[in-house]
Amino acid sequence: MSEDMTIAPAALTRRGLLGLGAGAVLIATTPMRGMADEADMHAAIKEAFGDRPIEDAGVSLKLPPISENGFSVPLTVSVDSPMTEADHITQIALFSPRNPLPDLVRFKLGPRAGKAEIATRIRLSGTQTLVAIAETNQGRLLRGTAETVVTLAACVVL
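Throughout this description, residue numbers start from 1 for each chain and increase along the sequence as written. Local features in a predicted model are, by the rule used here, given only for residues with pLDDT of at least 70; side-chain atom pairs are given and counted only at 80 or more, and totals for whole chains, interfaces and linings are based on all residues. Side-chain descriptors were evaluated using all non-hydrogen atoms of the structure, hydrogens and water having been removed beforehand.

> Explain the overall build of the protein chain here, please?
A run of H or I in DSSP counts as a helix once it spans at least four residues, and a run of E counts as a strand once it spans at least two, with each numbered from the N terminus. Summing up its helical and strand segments, the protein chain has 2 helices and 9 strands in all. Listed by position from the N terminus, the elements making up the protein chain come as α-α-β-β-β-β-β-β-β-β-β. The buried label goes to any residue with under 20% of its type's maximum accessible area, the exposed label to any with over 50%, and the partly exposed label to all in between, with areas taken from a 1.4 Å probe on protein chains only. Taken over 158 residues, the protein chain has a buried fraction of 32%. If you take every contact in the protein chain between residues at least 6 apart in sequence, the share linking residues at least 24 apart comes to 67%. Using a 1.4 Å probe, the Shrake-Rupley method yields the accessible areas, and only the shown protein chains count as cover for residues. Put simply, the protein chain shows about 10100 Å² of open surface, and 58% of that area lies on carbon and sulfur atoms. Should any heavy atoms of two residues lie within 4.5 Å, those residues are counted as being in contact.

In structure tokens:
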């Protein structure tokens, strides 16, 4: 009583082939929703800081003009501040208009930091203009921006 246990591959019919082709076209033409856009970034800034006015002064954001690899882009943010008990930076936040999440990172600082400056590496999903916002202990918001051209993007969500 031996039976042949092999399973024959399913025959591909013309209907099946047309269905596969239609599915492939549908997938290829569906827009990716893995990236933030300018509106998402502005919404994240508003969520973080409310409707307070933001001054375009006092924040220096340094990025390389061309980043050949978006997986590790160096950046430095420095803020003009005496960093005294009476006048200091409490946080520096970075925002992206193209990464999957527009609110990249927030660094908490205090007067004992001595210097309002951070340096790190981040992933970027393409050419974009990053925004750095610094908040003072008096509640003032200061902004700086910098653009980098990314030749090999990271943070790609499929």
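There is more to say, and it comes next.
> Is there a simple way to explain the sheet that holds strand 4 (residues 73–79) in this structure?
Backbone-to-backbone hydrogen bonds pair the strands of a sheet. The strands run either parallel or antiparallel. Paired strands, as defined in this entry, are two strands with at least two bridges between them according to DSSP. Strand order across the open sheet formed by 3 strands is 2-4-7, with antiparallel pairing between neighbours. On the outer flanks of this sheet lie strand 2 (59–62) and strand 7 (117–122), each paired with one strand and no other. Taken pair by pair, the neighbouring strands of this sheet meet at an average axis angle of 15°, ignoring direction. As judged from the 4 bridges shared by strand 2 and strand 4, these two strands associate in the antiparallel manner. Looking at strand 4, one finds that Val 59 is bridged to Val 79. Fitted lines through C-alpha atoms serve as axes, helices being fitted only where they are in contact, and the angles separating the N-to-C directions of these axes extend from 0 to 180 degrees.

> Would you explain the side chain of Glu 135 in this entry?
By secondary structure assignment, the location of Glu 135 is in strand 8 (residues 128–136). Residue classification places Glu 135 among the buried positions, given a relative accessible area of 13%. For Glu 135, the side chain forms a polar contact with the side chain of Gln 91, separated by 2.8 Å. The residues contacting Glu 135, other than those within four sequence positions of it, are Phe 49, Arg 52, His 88, Ile 89, Thr 90, Gln 91, Arg 140 and Leu 141. The definition of a polar contact used here is a pair of N or O atoms within 3.5 Å, where within protein one atom must be able to donate a hydrogen and the other to accept one, and adjacent residues in sequence count solely through side-chain atom pairs.

> Would you mind going over the packing of aromatic side chains with me for this structure?
Remark: the centre distance and the inter-plane angle together describe each pair of aromatic rings, the angle taken between the planes. Two rings from Phe, Tyr or Trp (for Trp, the six-membered ring) form a pair when their centres sit within 6.5 Å of each other. Planes less than 30 degrees apart are called stacked, planes more than 60 degrees apart edge-to-face, and all others tilted. Following the criterion strictly, the structure yields 1 aromatic pair and no others. With a centroid separation of 6.3 Å and 70° between ring planes, the pair formed by Phe 49 and Phe 95 is classed as edge-to-face. Here Phe 49 is found in helix 2 (residues 38–49), whereas its partner Phe 95 is found in strand 5 (residues 89–95), with 46 residues between them in sequence. Take Phe 95: its relative accessible area is 0%, and that puts it in the buried class.

> Can you help me understand the pairing of strand 5 in this one?
Side-chain positions along a regular strand alternate between the two faces of the sheet. Among the 7 residues that make up strand 5, 6 are buried, leaving the element largely enclosed by the rest of the structure. Bridge count between strand 5 and strand 8: 6 bridges; the pairing is antiparallel. Along strand 8, the bridge assignment pairs Leu 94 with Ala 132. Here strand 5 runs beside strand 6 (residues 103–108); their pairing, made up of 5 bridges, is antiparallel.

> Can you walk me through helix 2 in this structure?
Since there are 3.6 residues in each turn of an α-helix, residues three or four apart along the chain are aligned in direction. By definition here, a helix of n residues has an expected span of 1.5 Å times n minus one. Given a rise of 1.5 Å per residue, 12 residues ought to cover 16 Å, and the 16 Å separating the end C-alpha atoms of helix 2 matches this to within 8%. Taken residue by residue, helix 2 has Met 41, Ala 44, Ile 45 and Phe 49 as its buried positions. Looking down the long axis of helix 2, one finds its buried residues gathered within 110° of arc, a one-sided arrangement. In helix 2, the exposed residues that point more than 90 degrees away from the buried face are Ala 39 and Glu 47. Residue Asp 37 occupies the N-cap position of helix 2, its side-chain oxygen lying 3.2 Å from the main-chain nitrogen of Ala 39. The positive-phi residue at the C-terminal boundary of helix 2 is Gly 50, with phi of around 70°. In this description, the arc belongs to the directions extending from the helix axis to the C-beta atoms.

These figures come from the coordinates and say nothing about function on their own.
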